[in-house]
Amino acid sequence: QVQLVESGGGLVQAGGSLRLSCAASGRTSSSGAMGWFRQAPGKEREFVSAITWSGLNSFYADSVRGRFTISGDNAKNTVYLQMNSLIPDDTAVYYCAKSSTLKGLYLGADYWGQGTQVAVSS
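My aim in this report is to walk through the structure given alongside it, one point at a time. (Residues numbered from 1 in each chain as written. Predicted model: local features only at pLDDT ≥ 70, side-chain atom pairs only at ≥ 80, totals over all residues. Heavy atoms only, no water.)

### Quick look at the overall build of the protein chain
Step number 1: Within the protein chain one finds 1 helix and 11 strands.
Step number 2: Its helices and strands taken in sequence order, the protein chain reads β-β-β-β-β-β-β-β-β-α-β-β from the N to the C terminus.
Step number 3: Relative to its length of 122 residues, the protein chain is compact, with a C-alpha radius of gyration of 13 Å against a globular reference of 14 Å.
Step number 4: Overall, the C-alpha framework of the protein chain stretches about 40 × 25 × 25 Å when taken along its three principal axes.
Step number 5: Going through the 122 residues of the protein chain one by one, you find that 43% of them count as buried.
Step number 6: Once local pairs closer than 6 in sequence are excluded, the contacts in the protein chain between residues at least 24 apart make up 55%.
Step number 7: Averaging the locations of the 10 positively and 8 negatively charged side chains of the protein chain gives two centres separated by 6 Å. (Helix = DSSP H or I, 4+ residues; strand = E, 2+ residues; numbered from the N terminus. Rg over C-alpha atoms; globule rule 2.2 N^0.38 Å. Buried < 20%, exposed > 50% of the residue type's maximum accessible area, 1.4 Å probe, protein only. Contact = heavy atoms within 4.5 Å. Lys, Arg positive; Asp, Glu negative; His and termini not counted. Charge placed at Lys NZ, Arg CZ, Asp CG, Glu CD.)

Below, the structure is given as structure tokens:
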């Protein structure tokens with residue numbers, strides 16, 4: 001089993017920044033993919049960003065491209081999401097996810113964190 005522990009959420013003003021962290025423990029590996037999803041009130045969960053451990057390739061939703069940056073530390077089994085130029089529409093519960101493949105992450109992650117609240121005020 002894999003456990004995902006998230007941190008870094010909070011309240012920030014529009015235009016500000018937050019850095020989310022997600023550390024994986026348990027039966028971890030140096031392969032597969034990790035990433036972030038978010039769900040705002042009244043909306044479906046949406047993909048935000050992902051990174052593959054092999055080659056550290058990164059992927060972004062159009063809504064966050066250019067503002068968010070995902071990175072990973074393989075040695076620590078940790079993924080980060082640097083969120084800049086935050087806007088109120090970014091307000092959501094952000095979930096860390098992990099899967100053995102990138103495709104699996106998109107379709108339905110193998111493991112999920114409990115979620116961390118991000119609130120962006122005007």
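Structure shown, so let's carry the discussion forward.
### Observations concerning the sheet that holds strand β7 (residues 68-73)
Step number 1: Pairing is antiparallel in the open sheet, where 4 strands are placed in the order β1-β3-β8-β7. Strands with a single pairing partner mark the edges of an open sheet, and in this sheet they are β1 (2-7) and β7. Strand-to-strand twist across the sheet, computed as the mean angle between neighbouring axes with direction ignored, equals 15 degrees.
Step number 2: Two strands pair when backbone bridges link them, and β7 and strand β8 (residues 78-83) are joined in this way by 6 bridges, in the antiparallel orientation. Its bridge partner being in β8, Ser71 is matched across the sheet by Tyr80. (Pairing = 2+ DSSP bridges. Axes fitted to C-alpha atoms, helices over the stretch in contact; angles between N-to-C directions.)

### Section: the pattern of salt bridges
Step number 1: Using the criterion set out here, one finds 4 salt bridges in the structure.
Step number 2: For Arg65, the salt bridge goes to Asp62, with nearest N and O atoms at 3.3 Å.
Step number 3: Among the salt bridges present, the one from Arg67 reaches Asp90, with a minimum N-O distance of 2.7 Å. Note that Arg67 is positioned in the loop between β6 (58-60) and β7 and Asp90 in the loop between β8 and β9 (92-99), a separation of 23 residues in sequence. The burial state of Arg67 is the same as that of Asp90; both residues are buried. (Salt bridge = Lys/Arg side-chain N within 4 Å of Asp/Glu carboxyl O.)

### Here's the deal with the packing of aromatic side chains
Step number 1: Enumeration over the complete set of coordinates arrives at 3 aromatic pairs.
Step number 2: Three or more aromatic residues joined by ring pairs make a cluster, and in this case those are Phe37, Phe47, Tyr106 and Trp112.
Step number 3: Between Arg45 and the ring centre of Trp112, over which it is positioned, the NZ or CZ distance is 4.3 Å. (Phe/Tyr/Trp six-rings, centres within 6.5 Å; stacked < 30°, edge-to-face > 60°. Lys NZ or Arg CZ within 6 Å of the ring centre and 35° of its normal.)

### Description of the state of the cysteines
Step number 1: Applying the stated criterion to the full structure yields 1 disulfide.
Step number 2: Residue Cys22 pairs covalently with Cys96 via a disulfide, S to S 1.9 Å. One quick way to see it: the torsion about the S-S bond of Cys22 and Cys96 is about -85 degrees, and its sign makes the bridge left-handed. Taken together, the residues span a long stretch of sequence, with Cys22 in strand β3 (residues 18-26) and Cys96 in strand β9 at a distance of 74 residues. Taken individually, Cys22 and Cys96 each receive the classification buried, so the pair is uniform in this respect. (Disulfide = S-S within 2.5 Å.)

### Regarding the environment of Thr69
Step number 1: The residue Thr69 is located in strand β7 in this model.
Step number 2: Counting along the chain gives 19 residues from Thr69 to Ala50, while the straight-line C-alpha distance between them is 9.7 Å.
Step number 3: Not counting the four nearest positions on each side in its chain, Thr69 is found in contact with Tyr60, Tyr80, Leu81 and Gln82.

Scope: geometric values only; no functional claims are made or implied.
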